[in-house]
Amino acid sequence: SYSIDEVRADNYALLYLPGGKAPSELQENENVLNFVKAFAQSGKPIAAICHGPQVLISAGLVQGKQMACWPEISEELEEAGGKFVDEALVED
């Protein structure tokens, strides 16, 4: 396994952001946010489930995007300019 300091967006085809409690800590890590921003700039797909969109919110990547997320963070998503969609899967 690699630390966030050792990974490069160029080496991956997809970024998967997990749910649960991890995103609340990941969104506070500047190295994680920089990696997520670099990955977004690559144009490759990003998947986020449950609380995972919190990382995208903190990285400033949800403006104008339709997203599913855990209902408890839907207000946080919308305050950041995203649109909460109450569906099992949303692709934007």
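What you see is a predicted model, and the numbers here were worked out from it, not measured in a lab.

### Quick notes on the pattern of salt bridges
Under the criterion given, the structure shown has one salt bridge. A salt bridge links Arg 8 to Asp 10, with the nearest nitrogen and oxygen atoms 3.9 Å apart. Each member of the pair, Arg 8 as well as Asp 10, carries the same accessibility label: exposed.

### Examining a nonpolar patch on the surface
Together, Leu 14, Tyr 16 and Ile 49 line one region of the surface with nonpolar side chains, adding up to about 300 Å² of accessible area. Relative to the assigned elements, Leu 14 resides in the segment before strand S1 (15–17). Leu 14 gets classed as partly exposed once you look at its relative accessible area, which sits at 47%.

### With respect to helix H2 (residues 30–42)
An ideal rise of 1.5 Å per residue puts 18 Å on 13 residues; H2 measures up with 19 Å between its terminal C-alpha atoms. Along H2, the residues that are buried comprise Val 32, Leu 33, Phe 35, Val 36 and Phe 39. In an axial view of H2, the angular spread of the buried residues amounts to 160 degrees, which keeps them on one side of the axis. Elements that come into contact with the buried residues of H2 comprise S1, helix H1 (22–26), strand S2 (46–48) and helix H3 (53–58). Sitting at the amino-terminal end of H2 is Asn 29, which places a side-chain oxygen 2.8 Å from the backbone nitrogen of Asn 31. Residue Gly 43 follows H2 closely and has a positive phi angle near 80 degrees.

Criteria and thresholds
- Residues numbered from 1 in each chain as written.
- Predicted model: local features only at pLDDT ≥ 70, side-chain atom pairs only at ≥ 80, totals over all residues.
- Heavy atoms only, no water.
- Salt bridge = Lys/Arg side-chain N within 4 Å of Asp/Glu carboxyl O.
- Buried < 20%, exposed > 50% of the residue type's maximum accessible area, 1.4 Å probe, protein only.
- Patch = residues over 30% accessible without salt bridge, like charges linked within 9 Å, V, L, I, M, F, W, Y side chains within 5 Å.
- Areas by Shrake-Rupley, 256 points an atom, 1.4 Å probe, with all protein chains shown as cover.
- Helix = DSSP H or I, 4+ residues; strand = E, 2+ residues; numbered from the N terminus.
- Expected span 1.5 Å × (residues − 1).
- Arc of directions from axis to C-beta.
- Contact = heavy atoms within 4.5 Å.
- Polar contact = N/O pair within 3.5 Å; in protein donor to acceptor, adjacent residues only side chain to side chain.

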